[in-house]
Amino acid sequence: MPTAPRAPFLRPVLPHDLDVEVVERKGIGHPDTLADGIAELASIRYSEYCLGQFGVVLHHNLDKVAVLGGRARFGDADGIYDRPVRVVFGGRISTTFDGRMIPVREILEDAAAEQLRTALPGYERITWAARHETTDSSKFAHWFAPRGLEDLPERPRAFSNDTAFLVGTAPRTTAETVALLTEASFRRQPWAGSDIKALVIRDGRALTITVCVPAVAGHLAGSAELDDAVTDTAQTLTAQLRERLDVPVTVVCNTRNTRSGPLSGQYFTVSGSAIDYGEDGLVGRGNARSGLITPGQQAGNEVLFGKNPTYHVGKVGGWLVDEASRALAEKTGAQCRVAVMWRNGAPYPEPASLDIASAHHDPAHTDVVREVLQRTDWVPDLVEHQRYRPTVLPVPELLAELDAPALS
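This report concerns the structure included in the present document. Quantities reported herein were computed from a predicted structural model and do not represent experimental measurements.

**With respect to the overall build of the protein chain**
(1) Moving on: A tally of helices and strands in the protein chain yields eight helices and 19 strands.
(2) Moving on: Here the protein chain has a C-alpha radius of gyration of 23 Å; the compact-globule value for 408 residues is 22 Å, and the two agree.
(3) Moving on: With respect to the three principal axes, the spread of C-alpha positions in the protein chain is 75 × 65 × 35 Å.
(4) Moving on: Within the protein chain, the fraction of its 408 residues that count as buried is 52%.
(5) Moving on: Long-range contacts, defined as pairs at least 24 residues apart, comprise 76% of the intrachain contacts of the protein chain with a sequence gap of at least 6.
(6) Moving on: Entry remark: accessible area of the protein chain is about 18,200 Å², with carbon and sulfur atoms responsible for 50%.
(7) Moving on: Here the protein chain holds 42 positive side-chain charges and 52 negative ones, and the gap between their average locations is 3 Å.

This is the structure we're talking about:
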């Protein structure tokens, strides 16, 4: 009986290949990004303390942070807080090691102040308070109160603490870079707040960018002046993109604004964020670890902000697939996607499934990815280098990405 012909290899669709690609960026001052940033920096500062005092990172998961909006009372061109922003810390954390107390509250509150100060141009004019709802509950008696290193079973060999599916893609698509560039271009303006939201749609090669930009008290006299400032920045961004990409570009800003009336009728802030109006933020409701919302990556919703950097699959697994996709893109000179699933309790070099998509299919690609999965050097990058702490990338760096030759 003749053998049926084998179906030709069909490369899975990569984000770069989509006819229509949608990318969103919630800026560094967006309430959800504030929650992400506080959770991540709290984990970083706690990990630094533990490494300095004990030589190891103790068990913690601080991925349950909420930022509850305050209230500013506005006049025509200014505002003042009469109800504070509240930062609520949830999750679980070790408060002792070998009977030695850890100043958890001080570490977390200092991290919150540092992230808010970094993210909000009007930080000095807001009021905020912290609320602590963390626990040390566990079915293991000494998981969050270790008596010594023997109560940290992940130390000899890190393992996945849950079953999860992680996806990494590299390099960034044009639309992804443009979303980051949009925020960075507006954020560098002295009048602009940080709660900047950009939505980029690439339809074929054409780019449509819709952006919402707040004004900060003390820089502009009226709504017409704000409209002119926003328009000038949008025109500069449009020209930069058209020059570099030679594609149709449309930038639309502050679609609800009008030129008439006081600034208080516009998106006008004291802090630079909608937290002034009582808007709340929660970890995991905004950007992924890439700093973007990218449905084209066909990824899950695993969140890493605030999670343990020594073994938690959401953080360690995310780092591994990001490093693997980057390594593969550098080796092949092509766009790629690496998707990995780990089961609870599995060592990281032993995933349950591994799917690799690249513009140039080669069985050797699996060796590149599996070599990365053997790595164990993620803690310095996650903690010391603050790899996933939300930030605004420099405009020159993002423009250089657009100037770089496109991969095949």
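**Section: the environment of valine 251**
(1) Moving on: Mapped onto the secondary structure, valine 251 falls in strand S15 (residues 249-253).
(2) Moving on: Taking the relative accessible area as the measure of exposure, valine 251 reaches 17% and is therefore buried.
(3) Moving on: Placed 40 residues apart in sequence, valine 251 and valine 211 show a C-alpha to C-alpha distance of 7.5 Å.
(4) Moving on: Ignoring sequence-local partners within four residues, the contact set of valine 251 consists of Ile209, Val211, Ala234, Leu237 and Thr238.

**Regarding the sheet that holds strand S19 (residues 353-358)**
(1) Moving on: Pairing is antiparallel across the open sheet formed by three strands, whose spatial order is S11-S18-S19. Pairing within the sheet leaves two strands with one partner each, and these edge strands are strand S11 (164-170) and S19. Each neighbouring strand pair of the sheet contributes to a mean axis angle of 10°, computed without reference to strand direction.
(2) Moving on: Here six bridges tie strand S18 (residues 336-342) to S19, and the two strands are oriented antiparallel to one another. By the bridge assignment, methionine 341 is partnered in S19 with serine 353.
(3) Moving on: Packed onto the sheet, helix H6 (residues 365-373) meets S18 and S19 and runs at close to 125° relative to S19.

**Quick word on the packing of aromatic side chains**
(1) Moving on: Taken as a whole and judged by the stated rule, the model has 10 aromatic pairs.
(2) Moving on: Ring geometry for tryptophan 342 versus tyrosine 348: centroids 5.4 Å apart, planes at 75°, classification edge-to-face. Like tyrosine 348, tryptophan 342 is buried.
(3) Moving on: Through a chain of ring-to-ring contacts, three or more aromatic side chains come together here, namely Phe140, Trp143, Phe159 and Tyr311.

**So, a nonpolar patch on the surface**
(1) Moving on: Nonpolar side chains collect at one region of the surface, where Val20, Val22, Leu199 and Ile201 lie side by side and expose about 260 Å² of accessible area between them.
(2) Moving on: Those elements giving two or more residues to the nonpolar patch turn out to be strand S1 (20-26) and strand S12 (197-203).
(3) Moving on: With respect to the helices, strands and loops of the structure, leucine 199 is situated in strand S12.
(4) Moving on: With relative accessibility at 32%, the residue leucine 199 sits in the partly exposed group.

**Some remarks on the packing of helix H3 (residues 174-187) against helix H4 (residues 223-245)**
(1) Moving on: Put simply, H3 and H4 touch, their axes get as near as 10 Å, and they point 150° apart. Judged by the twist between their axes, the crossing of H3 over H4 is right-handed. Across the interface between the two elements, Thr174, Val178, Leu181, Thr182, Ser185 and Phe186 from H3 touch Val230, Thr233, Ala234, Leu237, Gln240, Leu241 and Leu245 from H4.
(2) Moving on: Residues that form the contact of H3 with H4 fall into these classes: eight nonpolar, five polar and no charged.

**Notes on the nonpolar core**
(1) Moving on: Leu58, Trp342 and Trp378 are the most contacted members of the largest nonpolar core, which totals 72 residues.
(2) Moving on: Put simply, the parts of the chain that give this core at least two residues each are helix H1 (31-54), strand S6 (85-89), helix H2 (104-119), S11, helix H5 (313-332), S18, H6 and helix H7 (378-384).
(3) Moving on: The element contributing the most residues to this core is H1, with 10 residues.
(4) Moving on: Excluding anything up to four places from it in sequence, tryptophan 378 contacts Ala158, Pro309, Thr310, Val316, Trp319, Leu320 and Tyr348.

**As for the environment of aspartate 203**
(1) Moving on: With respect to the element layout, aspartate 203 can be found in strand S12.
(2) Moving on: Once the C-alpha coordinates of aspartate 203 and leucine 18 are considered, the two residues, 185 residues apart in sequence, prove to be 8.8 Å apart.
(3) Moving on: In contact with aspartate 203, not counting residues within four places along its chain, are Asp19 and Val20.

**Brief notes about H3**
(1) Moving on: Helix length check: H3, at 14 residues, gives a terminal C-alpha distance of 20 Å against a target of 20 Å (1.5 Å per residue), a fit within 8%.
(2) Moving on: Among the 14 residues in H3, 12 count as buried, and that is most of the element.
(3) Moving on: Buried residues along H3 sit in contact with S1, S12, strand S13 (206-212), H4, S15 and helix H8 (395-403).

What counts and what doesn't
- Numbers given to residues run from 1 along each chain, matching the order in which its sequence is written.
- Selection of residues for local features in this predicted model requires a pLDDT of at least 70, selection of side-chain atom pairs for listing and counting requires 80 or more, and totals for whole chains, interfaces and linings are taken over all residues.
- The basis for every side-chain value is the complete set of heavy atoms in the structure, and neither hydrogens nor water enter the calculation.
- Only DSSP runs of H or I covering at least 4 residues are called helices, and only runs of E covering at least 2 are called strands; the numbering of each starts at the N terminus.
- The size measure is the radius of gyration over C-alpha atoms, and the globule rule it meets is 2.2 Å times the number of residues to the 0.38 power.
- Using a 1.4 Å probe on the protein chains alone, a residue whose accessible area is under 20% of its type maximum counts as buried, one over 50% counts as exposed, and one in between counts as partly exposed.
- When checking whether two residues touch, look at their non-hydrogen atoms; a contact exists if any pair is within 4.5 Å.
- Note on areas: Shrake-Rupley, 1.4 Å probe, and residue coverage restricted to the protein chains presented here.
- A residue counts as positive if it is Lys or Arg and as negative if it is Asp or Glu; His and the chain ends are not included.
- Charged side chains are reduced to one point each, which is NZ for Lys, CZ for Arg, CG for Asp and CD for Glu.
- By definition, two strands form a pair when at least two bridges between them are found by DSSP.
- Think of each axis as a best-fit line through the C-alpha atoms, taken over the contacting stretch in the case of a helix, with angles from 0 to 180 degrees between the N-to-C directions.
- Classification of ring pairs rests on two measures: the distance between centres of Phe, Tyr or Trp rings, Trp counted by its six-membered ring, which must be within 6.5 Å, and the angle between planes, read as stacked under 30 degrees, edge-to-face over 60 and tilted in between.
- Each patch is built from residues lacking any salt bridge and having more than 30% relative accessible area; the joining distance is 9 Å for like charges and 5 Å for nonpolar side chains (Val, Leu, Ile, Met, Phe, Trp, Tyr).
- The term salt bridge refers to a side-chain nitrogen of Lys or Arg lying within 4 Å of a carboxyl oxygen of Asp or Glu.
- The crossing is said to be left-handed when, going from far helix to near helix, the turn is anticlockwise and less than a right angle, and right-handed when the turn is clockwise.
- The classification used treats Ala, Val, Leu, Ile, Met, Phe, Trp, Tyr, Cys and Pro as nonpolar, Asp, Glu, Lys and Arg as charged, and all other residues, Gly among them, as polar.
- The set of buried Ala, Val, Leu, Ile, Met, Phe, Trp, Tyr and Cys residues whose side-chain atoms join them within 4.5 Å is what this entry labels a nonpolar core.
- The span you would expect from a helix comes to 1.5 Å times its residue count less one.

The quantities given are spatial measurements derived from coordinates; they are silent on function.
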